[in-house]
Every structure is written in C-alpha cells, then in structure tokens.
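# Observations on chain architecture
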Amino acid sequence: MIALALAAALSAPFGPFESDGAPVTHDARFPAASRVVPPTGNPLYLAFDVYRWSITVFDGPRCVHRPVCSVYAMRAVARHGLAGIGLAIDRLWRGDESSALRKLPVYVRGNEASYDDPLSESDFWLPGRPRTRPF
Amino acid sequence: MIALLSLALSAAAPPPSVAFADHLYDTGDYYRAIGEYERYLFEDPAGDAAAHAQIRIGQSYLRGERFPEAAAHFDTIAEQSRDPALRGLARLDAAAARSRGGEQDLAVQELLELVPDPALSPALRDRATYLLGWAYLLGHDPDLAIRTFGAAAASPDWGREARALASEAEGAKRLPHRSPLLAGLLSAVLPGAGYFYLGEPGTGLAAIAWNGLFGFGVYDAAAHRLWGIASVLGVLEAMWYGGAIFGSVSGAHKFDRDAWRNYTDGLEEEHDWRSATVGP
C-alpha cells in the first residue's frame, strides 16, 4: 500500500507552478476555455453535433488545431452569431500560421502535438472582446 | 516535568526566519516560497523581515506570472503600510504587474502618479521612469515612449537600456501594415485574393478552390435546371464567399497584431524589461 502510494506520488507532476520553461501552472498557460452549452433546437448546433458525433467517429480526430475546428465553430457562433460562421470558415483554411508573420504556438500533450489557436486569437478585433494586449 | 519539558522545547525553538523562503524564491520555486513567506508572517507578523516577506510574496506572484494576484497583493501593501518607502515600492511593483499583465493604460496612470512622489528613492524613480517608457511603448505610443526613455537616460541602472530603447522605439512607427478594408475588398472581388495580399498564398488558393468548386456546382446545377441542388449549393457557396471576405478582414487585423507582437517580443528579449518589472 505504501509502495503504491509512493509510486503514485513520484509519478505525479509536482507543484502548481511547474512547467517546461517558466514557473507557471499548466492551467495558467493554457486556461480552460469556458464550455459552451448549445441551446436545444438550434439547427446550427445540430449541424456541429451531427458532425462531431457521426463523421468524427468514423473519420477520427484529424484536426491539427486546439480546440478542434467543430468546437471552435460552436464557440464562435455562440459568441458572435453569424460573424462566428466567418471565423469558423477562416479557421478551416488555416494551417500552422497565425498570419504570414507568425506561427501558431505548438501545444504538446503526451505524444500528440497540435497548434494552439483559441477563439481569442482571432476575435480580438470584434466588438465586445476585451483587449488583453494593445496593438 | 511536562511544563519544564515544554518550556525547554519552546526555548530551543529557533526564531521565525525567511531564509528558507528566500532559498525557494532564489531557486525559482515561487509557489512554495509564497507559503513559506506566509508562514513567517503568520508566526511573526511584526518581525524584522515582515516587509521583506510581504514584498517577496508579491514578487513571487509576479515572477510566477500571476499578474492579477501580484497587482492585488501590492495594492494591499500600498494601502496598509505606514512606511512611505514600502508604499512606494509596492505601488511601483503593482504598476509593473499591471504592465506585465497587459494593462498598459492602468500602468501608465499609476506610474505617472508615482514618478513625482518625493517619498520615492532616486533608484526607484529611475526604475519607475524606465517602466513608464515600456508601458507607453507597449501601449502603442512610441513618441511618448521615446521621450520617457530619454528622461531615464541618465539613470545609472537603466540609462544604457533606456538610451538604446529611445532609438529602437522609432521602429514601432515603421511596422508592416495591412488594411482590413483592402483585404476584404480584394476577397469580395475574387474570393481568396485578400489572402494573397496578406502574404498567405496557401490559404488564398484554398479559398479560391472551394469557392470555384461550389460556384461551378451552382452554375452547373442551374444550367441543368436542378433548382433544389442549386439552392443548397448556393447557400453553401454564400458561406464560403462570406468566410473568405471575413477571413481576409480578420487576417489583416491578425497581421498587424502579429507585426506588433514580433516587434515587442524582440525588444523584450533584447532588453531587460522583465527584470525591471520584478525588481532586484
């Protein structure tokens, strides 16, 4: 019992400030985005759900971005309505670049790597979004 | 006997110390350092090192990149302390935390109030002026940044950095720019053309291909009088078309933001902004 507890303690990551490059928590670096609960009966959300629970099941998780494009699209539509569709379509065409000047940061979890591209990276210029950093 | 033993034990207990907390802080274990400083303040709230522990808790948050917590902690010190020097240091660090957290307007406001404060030591005033220059620069006001860095040019601690930054801040006026209006108009004329203007030919080609495919589908279905299919494809094509325009406008905003990020990241790497914000 003691050996099991010791092994678990040794294998667990230590300290809320631990990370690769800086003493901040994983959560601080990648804060969990607020979950969007789709309103029932909305055909737009129905389309996302059908995609996520049918095509993705057969096709597998192939999106190179984080969050995946269907979740991104749901959040974009929930937050910006019709403009969110534009954001979602723009996301589908994009690869590893934020723009021609800068690559998206790579998010690594276990053996999987993806490009970290939250909605806030693209909707900062739309009305109603707080600007965390001036530009 | 028990009373004597407890007396002996209490007499043998060492006085509270911040030595271990300082060790944790120096080794970069800020999370645990905060706990040790808190322990010291709990055991000896009026001790010789109480002010040191209070400031170090805030600086641990700051170095741990917990900027709102750091600012709130320094605000509390500034409100509660009776020592003018400690108040000045706490106000300076609170402004530094806000600047690090991206709240440049608030940082500028606080630093402008702080710099003329006679209670501030010359070294802290120099640091405040240097940070004010950074806050102006990161707040996208290079002209005021250049003037403020000029005011800090004689500082023994920050003068060399300030002089270099006063000249490099000119670069903020020459950053590459893309017009969202032009990008959107180009994609309205030819869906995806705006992406070429933004320097993203791959995205532009993808947008042209999708729009061309669906556009041809609408045309072909209409030519064969398949109005149902033409309508469905038309709705989808409208989404792709709108997405190309919207994405081009968004891309121009992102281009400008990334130009600014690259510029400030380069400055922050080359010049010691972070150490100025956390102090010695």
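What comes next is a walk through the structure. Just so you know, these numbers come straight off a predicted model, no measurement behind them.

Glancing now at the side chain of Ser 187 of chain B. Residue and element names in this part refer to chain B. With respect to the secondary-structure elements, Ser 187 resides in helix α11 (residues 180-189). Looking at Ser 187, its side chain comes within polar contact range of the main-chain nitrogen of Gly 192, at 3.4 Å. If we ignore the near neighbours within four places in the chain, the residues touching Ser 187 are Gly 192, Ala 193, Gly 194, Tyr 195, Tyr 241, Ala 244, Ile 245 and Ser 248.

Okay, unusual backbone geometry next. At the junction of Arg 66 of chain A and Pro 67 of chain A, the peptide bond is cis and its omega measures out at 0° in the coordinates. Of note, Pro 67 of chain A is situated in the loop between β1 (65-66) and α4 (69-80). Unusually for a residue other than glycine, Glu 65 of chain B sits at a positive phi of about 60°. Residue placement: Glu 65 of chain B occurs in the loop between α4 (50-63) and α5 (67-80). Even without a glycine there, the phi angle at Arg 225 of chain B is positive, about 60°. As for its placement among the helices and strands, Arg 225 of chain B is situated in the loop between α13 (201-223) and α14 (227-270). Assessed through its relative accessible area of 64%, Arg 225 of chain B is described here as exposed.

Attention now moves to the interface of chain B and chain A. In this assembly, 46 residues from chain B lie in contact with 32 residues from chain A. Contact with chain A buries area across many residues of chain B, yet Phe 246, Lys 254 and Arg 257 of chain B alone supply 19% of it, more than any other trio. Our count for the chain B to chain A interface comes out at 4 salt bridges. Of the charged contacts in the structure, one is a salt bridge between Glu 200 of chain B and Arg 94 of chain A, with a shortest N-O distance of 2.7 Å. At the boundary of chain B and chain A, one finds 12 residue pairs in polar contact (both at pLDDT 80 or more). Counting residues per element, the ones that place at least two in the side of chain B that touches chain A are α3 (30-43), α4, α13 and α14 of chain B. Its residues placed into classes, the side of chain B that touches chain A shows 17 nonpolar, 18 polar and 11 charged.

Turning our eyes to something else, we now look at the nonpolar core. Where a protein is soluble and globular, its nonpolar side chains tend to be buried together. Core analysis: the largest hydrophobic core is formed by 32 residues, its most contacted members being Leu 92, Leu 111, Tyr 130, Trp 134, Leu 137, Phe 149 and Tyr 263 of chain B. Sorting the residues of this core by element identifies α6 (84-100), α7 (104-114), α8 (122-138), α9 (142-151), α10 (159-168) and α14 of chain B as the ones contributing at least two each. It is α8 of chain B that contributes the most residues to this core, 10 residues altogether. Aside from chain neighbours lying at most four places away, what touches Phe 149 of chain B is Tyr 130, Gly 133, Trp 134, Leu 137, Ala 162, Leu 165 and Ala 166 of chain B. Phe 48, Ala 73, Met 74 and Ile 89 of chain A belong to the second-largest nonpolar core, a separate cluster that totals 17 residues.

Okay, the sheet that holds strand β5 (residues 112-116) of chain A next. All names here are of chain A. Reading across from one edge, β1-β5-β4 is the order of the 3 strands in this open sheet, with mixed pairing throughout. Looking at the sheet topology across the chains shown, the edges are occupied by β1 and β4 (106-109). Relative to β5, β1 runs parallel, the two being bridged by 2 bridges. Residue pairing across strands places Arg 66 opposite Asp 116, the latter belonging to β5.

Calculation criteria
- Residues numbered from 1 in each chain as written.
- Chains lettered and ligands numbered in written order.
- Predicted model: local features only at pLDDT ≥ 70, side-chain atom pairs only at ≥ 80, totals over all residues.
- Heavy atoms only, no water.
- Helix = DSSP H or I, 4+ residues; strand = E, 2+ residues; numbered from the N terminus.
- Polar contact = N/O pair within 3.5 Å; in protein donor to acceptor, adjacent residues only side chain to side chain.
- Contact = heavy atoms within 4.5 Å.
- Buried < 20%, exposed > 50% of the residue type's maximum accessible area, 1.4 Å probe, protein only.
- Buried area = accessible area lost by both parts, 1.4 Å probe.
- Salt bridge = Lys/Arg side-chain N within 4 Å of Asp/Glu carboxyl O.
- Nonpolar A, V, L, I, M, F, W, Y, C, P; charged D, E, K, R; others polar.
- Core = buried A, V, L, I, M, F, W, Y, C linked by side-chain atoms within 4.5 Å.
- Pairing = 2+ DSSP bridges.

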